[in-house]
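Observations on chain architecture
One-letter residues, chain by chain:
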Amino acid sequence: MNKKIQRQAGACLFPFIAVLLMFLVVPLVIMIRASFADADDTGWTVQNYLTIMTQPFYYEAFKNSFLISLASSLAGIILAMLVAQALVRSKQRVQDRMMLFINMTANFAGVPLAFAFIILVGNAGILTLMLSKIGIPLLNGFNLYSWQGLAVTYVYFQVPLGVLFLYPAFRGIDKRWKEAALLLGAGPAAFWLRVGLPHILPSVFGTFIILFANAMGTYETAYALVGSNINLVTTRIAALVSGDIFAQPQLGSAMAVLFAVMMIAIVIIDEYFLRLVRRDMK
């Protein structure tokens, strides 16, 4: 009977495994193979990787993506912690309604988000024109179509995503811990430093990595706002595959492989630090 149930369970998993193979494993294998192919696709070479590693243009793409992801993730995690803490201290009815709104905004990204920012704070945006009519420049000459504008747009979808992950961690802080700390003479700052932050630190580390990976992999929002004006990994890969002038899919595949290796390395480092934090907490 148990074997029959196991066979039925395996049969139910087969469609999922088939989809996983077709849309994840097979493209990954093709991408790795293409990254070692020469320009004519007739032989094997490592020239694609050497080109990426030696030309400053491609190094700049990785650098820009890393910096903008780091900046938006740091701002996003700090704001998400403040929002999650404020949310936990609100009434349950307010929490339920706010979580519905946060779920919606966390999924509002890509071209629609870029279009919304263009309508609001673009060169001819509603807020920009309203402020200019009363003689107030928008945030000291804020330019939406720049590195600065791209970072602000990234933060917009980073904050609600961070709140979704941190909200359960903040709810897990027992009120009795605060009461016990106050009875022992510890103030709010001492409580958060010695009890609260150590409790949520693993969640904060994990959420930061998710936000960083989310920012690194963003393509639609960046392309809709700045196109190729800012050299980013995702827009550069798309340009190499589709071809601004002529396509170089082998070079794009090599860049995608290096990008994947970098993200895997970041996740491994994050797991290592999480283990250290959990070990120190025991």
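Residues numbered from 1 in each chain as written. Predicted model: local features only at pLDDT ≥ 70, side-chain atom pairs only at ≥ 80, totals over all residues. Heavy atoms only, no water.

**Examining the UniProt feature "transmembrane region" (unreviewed entry) in the chain**
Under the local residue numbering, the UniProt record ascribes the feature "transmembrane region" (unreviewed entry) to residues 12-36, 66-88, 108-131, 151-170, 191-213 and 251-274. Taken as a whole, residues 12-36 contains 96% helix and 0% strand, while its terminal C-alpha atoms sit 37 Å from one another. Along residues 66-88, the helical share is 100% and the strand share 0%, with 32 Å between the first and last C-alpha atoms. (UniProt positions renumbered as here; feature names shortened; annotations may be inferred. Helix = DSSP H or I, 4+ residues; strand = E, 2+ residues; numbered from the N terminus.)

**Let's talk about the environment of Ser 69**
Relative to the helices and strands, Ser 69 resides in helix H3 (residues 56-88). Ser 69 gets classed as buried once you look at its relative accessible area, which sits at 1%. Considered as a pair, Ser 69 and Gly 110 are 41 residues apart in the sequence and their alpha carbons are 15 Å apart. Residue contacts for Ser 69: discarding those within four places in its chain leaves Phe 212, Ala 215 and Met 216. (Buried < 20%, exposed > 50% of the residue type's maximum accessible area, 1.4 Å probe, protein only. Contact = heavy atoms within 4.5 Å.)

**Looking at the layout of surface pockets**
Put simply, the largest pocket is a space of about 240 Å³. Lining the largest pocket are 13 residues, with Val 88, Arg 89, Ile 173, Lys 175 and Lys 178 sitting closest to its centre. Of all the elements in the fold, those that place two or more residues in the lining of the largest pocket are H3, helix H4 (92-106), helix H7 (147-171) and helix H8 (175-183). (1 Å grid on protein atoms, 1.4 Å probe; cavity = no way out; pocket = protein on both sides within 12 Å on 5 of 7 lines; lining within 4 Å. Points joined across faces, edges and corners; volume = space filled by probe spheres on them.)

**Thoughts on the nonpolar core**
Within the largest apolar cluster, 41 residues are counted, with the highest numbers of intra-cluster contacts made by Ile 52, Leu 166, Phe 170, Ile 200 and Met 255. With sequence-adjacent residues up to four places away left out, Phe 170 is seen in contact with Met 81, Ala 84, Gln 85, Val 88, Trp 192 and Ile 200. Judged by nonpolar contacts, the second largest core, of 17 residues, contains Phe 117, Val 121, Ala 222 and Leu 232. (Core = buried A, V, L, I, M, F, W, Y, C linked by side-chain atoms within 4.5 Å.)

**Here's the deal with the packing of aromatic side chains**
Counted according to the given criterion, the structure contains 8 aromatic pairs. Each ring, one from Phe 66 and one from Phe 212, has its centre 5.5 Å from the other, and the planes form 70°; the classification is edge-to-face. Here Phe 212 lies in helix H9 (residues 188-216) and Phe 66 lies in helix H3, a separation of 146 residues in the sequence. Clustering of aromatic rings is evident, with ring pairs tying together Phe 66, Phe 208 and Phe 212. (Phe/Tyr/Trp six-rings, centres within 6.5 Å; stacked < 30°, edge-to-face > 60°.)

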